[in-house]
Amino acid sequence: MIDPDRVERHLKTLISGDVRFDEITRTIYSTAACLYKIKPIGVIYPKNADDLVKLAEYASDQRISLTARGAGSSLAGQAVNDGLIVDLSKYMNRIIEINPDDGYAVVQPGVVQDILQRELKRYGKFFPPDTSSSAYSTIGGGIANNSSGARSVKYGTTKDYVLSLELVLSDGDLVKTKPVPLELIPDDFPGRPGSLEQEIYEGLKRITIENRDLIERYRPKAKSSSGYNLFDLIQNRMFDLSKLIVGSEGTLCIVTEARLRVIDLPKHKAVAMAYFDDVVKAGMAVPILLELGPSAIDVMDGLVVDLVRMRERELGRFLPEKVEMVYLIEFDGEDSDRVRQKLKEAERSLREEGLVTDFLPARDQDEADKLWRVRKAGSAILGRVKGEKRPLRFIEDVSVPPERLAEFLGKLWGILKRYDVRVGTIGHAGDSNFHVRPLLNPKDPSDIEKMRLIAEETFSLVVEMEGSISGEHGDGLLRTPFLRKEFGELYDLFFQVKRLFDPLNLLNPGKIIPQEGKGFTDNLRYGPEYRYIQTGSRLDRERMHEELEKCDGCGTCRSYCPVFGALGEERGASRAKVNLIRAALTGDLPPEMLTSTEFKSVMDLCYNCKRCLSECPALVNVPMLCLEARAVYVREHGLSIQNLFLGNASKIAPLATTFAPLANLTMQLKPIRWLMELILGIHRDRRMPKYRFMTLSRRYPRRKPTGEKKVAYFAGCYANYNDPAGEGVSTVEVLRRHGYEVYIPKTKCCNVAKITMGGIKESMDDIRENVDILSQLVDEGFEILFSAPSCLLAVRMEYPEILDDERSKRLAEHCHYIFEFLFDLKERGELVEELNPVDMKAAYQIPCHLKALGEDRTLEILRRIPGLEITTVADRCCGIAGTFGMKKQYYDLSLKAGEPLFRQILSSGAELVISSCGTCRLQIEQATGLKTIHPIEVLFRSYEVKP
Ligand SMILES: Cc1cc2nc3c(=O)[nH]c(=O)nc-3n(C[C@H](O)[C@H](O)[C@H](O)COP(=O)(O)OP(=O)(O)OC[C@H]3O[C@@H](n4cnc5c(N)ncnc54)[C@H](O)[C@@H]3O)c2cc1C
Ligand code: SF4
Ligand code: SF4
């Protein structure tokens, strides 16, 4: 029996990396981008190979299993297990060397694919196995899964690009692979005599030579990431262990370093979309296209196209309605005429054969890049399908020989029709690798049974067609039970291989080699027993449960969540919060956990930037889930002193403005800041906004207009107290310039900060009062305008969610961002176009909350201003997130979260930064030293309107 406390104690003294055995961390790692859920006993974050050596020795001694993990984006359950999870993405993520002349790169396993590609691009190189998950998946995970992507039809899979590996064996030996002449094994083999490494070489040589015919008989005839790759272990009498390690899913060793072959980026590409009205015709097109040597043929079906269309409106002409299948076809090469010619030949052949309904080439590289973005987005976008029936991945990775594809698809569609299931499909048609995802309810026992039957029939069909049950995603818990079907007697050799490497079965057990009595529907994240418990909170609402179930754990949030970017570990990612809340609501965590500080500390790592609302492929409303979870904590413990102060800062603002010079001076005194940090938890180095005596309300007396052309302006605290002469006056005067009478109502603070802190109950009075005042104005014919995106977001998104009533929803429809309003004027030909030159070289930042509100139209107005040079458009988070970055515990994290933005601004040569969010401006000024300005002030200066 393993004693987790003792193991934790030992490991903490043994290794330099982090060791976490707490319930929260274990729960976060209990699932990944798969259908499964298994809680590990602990999670280790090694810092180097030495840590892994010690860990493997200890695990072997104590009989504890080790499961390596990168981004946890593998789809078949490879990255979950019950022993120790070893997360290599946090520390072991360095690019060690890029040698463009000799065409290789040396990396640690935790390097994210796209980061490597970005660096390689600087040398005109790339690493061809490019997965759709490249923005977050790691090289180590790609090696272990033999991952590949759209371009594998031309360039092959990961196994074709691994030159050598450094790895830790199950006994803790650190070894390096390299091709070895077969005859040197075992006697002249340079490894340590009597070592496990030597036993492995000797054993593998024997197995492969003795079973040469059997191995050849089962050599895959289609792209494959199934089973152990015994097929390429010996080539031209050279023995290359790395060929076997690639695709072994962490069951044979842990990779600590990889030397990868990298090649020249092709100079020219030509891309087109081809449309089919029938799946069999789509299948028939593949062998024809392959004759022309494409670099990619990727596929999306009508359901995916429908979902992508909603997101990519500008690409509408490529995304027609009522289409069965669409191929994205690419040719690449050194000669641009040749590449374009091939695309034309492809079109001619497909049209002549009567296979396509249409064929649309991309006009230029920019359009081609956008089409690829669409295809990559399509990979996870099926999460947006609504309802209990979810697009499940279980037969999602089959591949067959191309010449049998049409027949296979016809039969597969027959199976699906018989079980009466709809599907969503994407994939790599060039490899005949179709990611078909049947829509089934994973909580319904009859659908789970259907799942089993469909899997059985589909995999039998695949085997009959000499295909592979996994073309690229790997076996994991999902396909391991079916491997004998695919490999027959050869499967027995896999057991021998595993025993050679891992005699105690401690490396990622249950994958490739099955665990006794375990089927592919065991340990499901959802299953017939899945139930919600009642917490007596707003989290019990069905709406919350739907949000939780929309998240399939894809891991995309590891690429866009700024908190993850700064923290670099799983707890920062959006999905960690979803997994925790789900666990708390389904009894996987003890009920008291929901109100614990440990739980809240993870919820606090969502600072409500709302990027999830546009960038999560399934559009999971993670910020709402997190603030409701924080509200449960606040209900029990109340708001902290820190949150009470920061959440109610607007209450002291009138006083601070009255004594503005004194208040501002006081805030600069070191002892005061030291005291503020000690008592209120506000970081002493945080630059604070200055108060102004001439507030907006002091400048403009409140007189309600009576004319027809009138608007109300919800100025918000920043425009009123901190930047009245800039943001505030400019908004009013620009509106006046358009002939509007402007009314500034006496409202409460929008409370976005307090709501974010979980102070929903504490904000209720202010929210209700604001809704009363603003609704009354709407009744009187006013539209309500905002210059601060966060205030607008509170009224337009948070209030209706919190109040859940018709009145607040109606109010939301009458609230607009100032540039939305001006854009509408422009569309109606009513924008005043007499703009004077403004000599400015500025970067433009789209604040997160503005992005969350929909398409930002600001630049469409600003770009009309003569003399204004926009050096860069930065759609990145600044990291301050209102009051988050003011807190002493998050100050550093907040600056780190903003680093990509600061780098972009500084490298653009901007002399000034335009941003509509007051706190973003504060942060940008502090981090870059550049002055900032609200966009409305830029416009105001161009109008040269005098107040
Ligand atoms: C939306 C989406 C799209 C995808 N598209 C593709 C695609 O186009 N092509 C494709 O091939 N896959 C795709 N995948 C699957 C997945 O992203 C890839 O398999 C990816 O390479 C896994 O990398 P990871 O870092 O997430 O690995 P993880 O999921 O963390 O781990 C994968 C396996 O690698 C092992 N492992 C990790 N690191 C090491 C190490 N250092 N040493 C030994 N073993 C290790 C783990 O134990 C596990 O068995 C997609 C997934 C998603 C969610
Ligand atoms: S929160 Fe969204 S992006 Fe993150 S894992 Fe869930 S579905 Fe994917
Ligand atoms: S809302 Fe922002 S901070 Fe919160 S989880 Fe989503 S991306 Fe991360």
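Residues numbered from 1 in each chain as written. Chains lettered and ligands numbered in written order. Predicted model: local features only at pLDDT ≥ 70, side-chain atom pairs only at ≥ 80, totals over all residues. Heavy atoms only, no water.

**Notes on the overall build of the protein chain**
From N to C terminus, the protein chain includes 43 helices and 30 strands. At 30 Å, the protein chain has a C-alpha radius of gyration in line with the 30 Å of a compact globule built from 947 residues. Reported as C-alpha extents along the three principal axes, the dimensions of the protein chain are approximately 95 × 70 × 60 Å. Here the protein chain holds 947 residues, and 64% of them are scored as buried. Sequence separation of 24 or more characterises 76% of the internal contacts of the protein chain that already satisfy a separation of 6 or more. For the protein chain, the exposed area adds up to about 36,300 Å²; of that, 50% sits on carbon and sulfur atoms. (Helix = DSSP H or I, 4+ residues; strand = E, 2+ residues; numbered from the N terminus. Rg over C-alpha atoms; globule rule 2.2 N^0.38 Å. Buried < 20%, exposed > 50% of the residue type's maximum accessible area, 1.4 Å probe, protein only. Contact = heavy atoms within 4.5 Å. Areas by Shrake-Rupley, 256 points an atom, 1.4 Å probe, with all protein chains shown as cover.)

**Let's talk about the sheet that holds strand S26 (residues 815–817)**
Strand pairing in a sheet relies on backbone hydrogen bonds, with the paired strands running either antiparallel or parallel. What the 4 strands build is an open sheet, ordered S24-S23-S25-S26; its pairing is parallel. Lying at the two open borders of the sheet, with one neighbouring strand each, are strand S24 (741–743) and S26. The mean angle between the axes of side-by-side strands here comes to 35°, regardless of whether they run parallel or antiparallel. Examined bridge by bridge, strand S25 (residues 784–786) and S26 share 3 bridges and lie parallel to one another. Bridge pairing links isoleucine 784 to cysteine 815 in S26. The sheet strands contacting helix H37 (residues 818–827) are strand S23 (710–714), S25 and S26, and the helix crosses S26 at an angle near 85°. (Pairing = 2+ DSSP bridges. Axes fitted to C-alpha atoms, helices over the stretch in contact; angles between N-to-C directions.)

**With respect to the site of ligand 3**
Taken together, 14 residues surround ligand 3, and among them Cys561, Cys606, Cys609, Lys610 and Cys612 come closest. Where the shell around ligand 3 is concerned, the elements lending two or more residues are helix H21 (562–567) and helix H25 (622–637). The class makeup of the residues in the shell around ligand 3 is 10 nonpolar, 2 polar and 2 charged. (Near = heavy atom within 4 Å. Nonpolar A, V, L, I, M, F, W, Y, C, P; charged D, E, K, R; others polar.)

**Digging into the nonpolar core**
By size, the foremost hydrophobic cluster in this structure holds 119 residues, and its most contacted members are Leu204, Leu244, Tyr327, Ile329, Phe394 and Phe501. Not counting chain neighbours up to four residues away, the residues in contact with isoleucine 329 comprise Ala270, Val271, Ala272, Ala274, Leu289, Ala296, Ile297, Leu343, Leu350 and Phe359. Counting 74 residues, the second-largest nonpolar core is a separate cluster that includes Val742, Leu774, Cys791 and Val795. (Core = buried A, V, L, I, M, F, W, Y, C linked by side-chain atoms within 4.5 Å.)

**Observations concerning the pattern of salt bridges**
A side chain with one charge may pair with a side chain of the opposite charge, provided their charged atoms come close. Counted according to the given criterion, the structure contains 84 salt bridges. The partner of aspartate 804 in a salt bridge is lysine 809, and the shortest N-O contact between them spans 3.3 Å. Via salt bridges that share partners, Arg538, Arg541, Arg543, Glu547, Lys550, Glu628 and Glu801 belong to a single interconnected network. (Salt bridge = Lys/Arg side-chain N within 4 Å of Asp/Glu carboxyl O.)

**Observations regarding the side chain of serine 915**
Within the secondary structure, serine 915 sits in the loop between strand S29 (912–914) and helix H42 (918–928). One polar contact links the side chain of serine 915 to the main-chain amide nitrogen of cysteine 917, over a distance of 3.4 Å. Residues within four places of serine 915 in sequence aside, it is in contact with Gln845, Pro847, Cys920, Arg921, Ile933, His934 and Pro935. (Polar contact = N/O pair within 3.5 Å; in protein donor to acceptor, adjacent residues only side chain to side chain.)

**Considering the site of ligand 1**
Neighbouring residues of ligand 1: 37 residues in total, closest Ala68, Ser73, Ser74, Ser133 and Ser148. The separation between an oxygen atom of ligand 1 and a polar main-chain atom of alanine 68 is 2.6 Å. At a separation of 2.8 Å, a nitrogen atom of ligand 1 approaches a polar backbone atom of valine 255. Contributions of two or more residues to the shell around ligand 1 are made by strand S3 (66–69), helix H5 (139–145), strand S13 (254–261) and helix H13 (365–381). Among the elements that line the shell around ligand 1, the one with the most residues is H5, at 5 residues. Considering only residue class, the shell around ligand 1 consists of 13 nonpolar, 21 polar and 3 charged. Mapping the shell around ligand 1 onto the domain boundaries places at least three of its residues in each of domain 1 (4–87) and domain 2 (95–264). (Domains from an automatic or database assignment.)

**Notes on helix H7 (residues 196–210)**
For H7, with 15 residues, the first-to-last C-alpha span of 21 Å sits near the 21 Å given by 1.5 Å per residue. Looking only at H7, the buried set comprises Leu196, Glu197, Gln198, Ile200, Tyr201, Gly203, Leu204, Lys205, Ile207 and Thr208. (Expected span 1.5 Å × (residues − 1).)

**Points about the state of the cysteines**
Inspection of every chain in the model, using the stated rule, returns 0 disulfides. Left without a disulfide partner, cysteine 791 is nearest to the cysteine sulfur of cysteine 750, which lies 3.9 Å away. Considering cysteine sulfurs only, cysteine 791 is the nearest to cysteine 815, which forms no disulfide, with 11 Å between them. Residue class for cysteine 815 comes out buried when judged on its relative accessible area of 1%. (Disulfide = S-S within 2.5 Å.)

**Regarding a nonpolar patch on the surface**
Together, Trp674, Leu675, Leu678 and Ile679 make up an exposed nonpolar region whose accessible area comes to about 420 Å². With respect to the element layout, tryptophan 674 can be found in helix H29 (residues 670–680). (Patch = residues over 30% accessible without salt bridge, like charges linked within 9 Å, V, L, I, M, F, W, Y side chains within 5 Å.)

**A word on the domain arrangement of the protein chain**
Domain annotation for the protein chain reports domain 1 (4–87), domain 2 (95–264), domain 3 (266–384), domain 4 (538–637), domain 5 (647–827) and domain 6 (840–943). Using only C-alpha atoms to locate each centre, domain 4 and domain 6 end up separated by 27 Å. Contacts between the two partners involve 14 residues from domain 4 and, on the opposite side, 15 residues from domain 6. With both chains or domains summed, domain 4 and domain 6 bury close to 1,200 Å², and 64% of this area falls on carbon and sulfur atoms. The three residues of domain 4 that bury the most area against domain 6 are Ala566, Tyr607 and Arg611, which together make up 51% of that side's buried surface. The tally of links from domain 4 across to domain 6 stands at 2 salt bridges. Here glutamate 615 makes a salt bridge to lysine 851, at a shortest N to O gap of 3.4 Å. Of all the elements in the fold, those that place two or more residues in the side of domain 4 that touches domain 6 are H21 and helix H24 (612–615). (Buried area = accessible area lost by both parts, 1.4 Å probe.)

**Looking at empty space enclosed by the protein**
In the structure shown here, the tally under the stated rule is 8 cavities of 30 Å³ or more. Here the largest cavity defines a volume of roughly 250 Å³. In terms of lining residues, the largest cavity is bounded by 19 residues, among which Leu35, Pro391, Leu392, Tyr526 and Asp552 are the most central. (1 Å grid on protein atoms, 1.4 Å probe; cavity = no way out; pocket = protein on both sides within 12 Å on 5 of 7 lines; lining within 4 Å. Points joined across faces, edges and corners; volume = space filled by probe spheres on them.)

**Structural notes on the sheet that holds strand S4 (residues 84–87)**
Ordered in space as S1-S2-S4-S3, the 4 strands form an open sheet in which the pairing is mixed. Two strands lie at the open edges of the sheet, namely strand S1 (18–20) and S3, each paired on one side alone. Within this sheet the neighbouring strands show an average axis-to-axis angle of 20°, counted without direction. Bridging between strand S2 (residues 42–45) and S4 involves 3 bridges; their strand directions are parallel. Counterpart to isoleucine 44 in the pairing with S4 is valine 86.

**Structural notes on the packing of helix H35 (residues 789–803) against helix H36 (residues 806–813)**
At a minimum axis distance of 8 Å, the contact between H35 and H36 shows a crossing angle of 170°. In terms of orientation, H35 and H36 fall into the roughly antiparallel class. Contact residues: Val795, Arg796, Tyr799, Pro800 and Leu803 in H35; Ser808, Lys809, Leu811 and Ala812 in H36. Taken together, the residues that form the contact of H35 with H36 break down as 6 nonpolar, 1 polar and 2 charged. (Parallel < 35°, antiparallel > 145°, perpendicular 65-115°, else oblique.)

**A few points about H42**
Three or four residues apart is the spacing at which side chains of an α-helix point the same way, because the helix has 3.6 residues per turn. The buried fraction of H42 amounts to 8 of the 11 residues, a majority that puts the element mostly inside the structure. Gly918, Thr919, Cys920, Arg921, Leu922, Gln923, Ile924 and Thr928 are the residues of H42 that are buried. Of the residues one or two after H42, glycine 929 is the one with positive phi, at around 75°.

**As for the packing of aromatic side chains**
Applying the stated rule across the entire model yields 21 aromatic pairs. A centroid spacing of 5.0 Å and a plane angle of 20° characterise the contact between phenylalanine 714 and phenylalanine 786, whose relative ring orientation is stacked. One end of the pair, phenylalanine 714, is in strand S23; the other, phenylalanine 786, is in strand S25, and 72 residues separate them in sequence. Residue phenylalanine 714 shares its accessibility class with phenylalanine 786, and that shared class is buried. (Phe/Tyr/Trp six-rings, centres within 6.5 Å; stacked < 30°, edge-to-face > 60°.)

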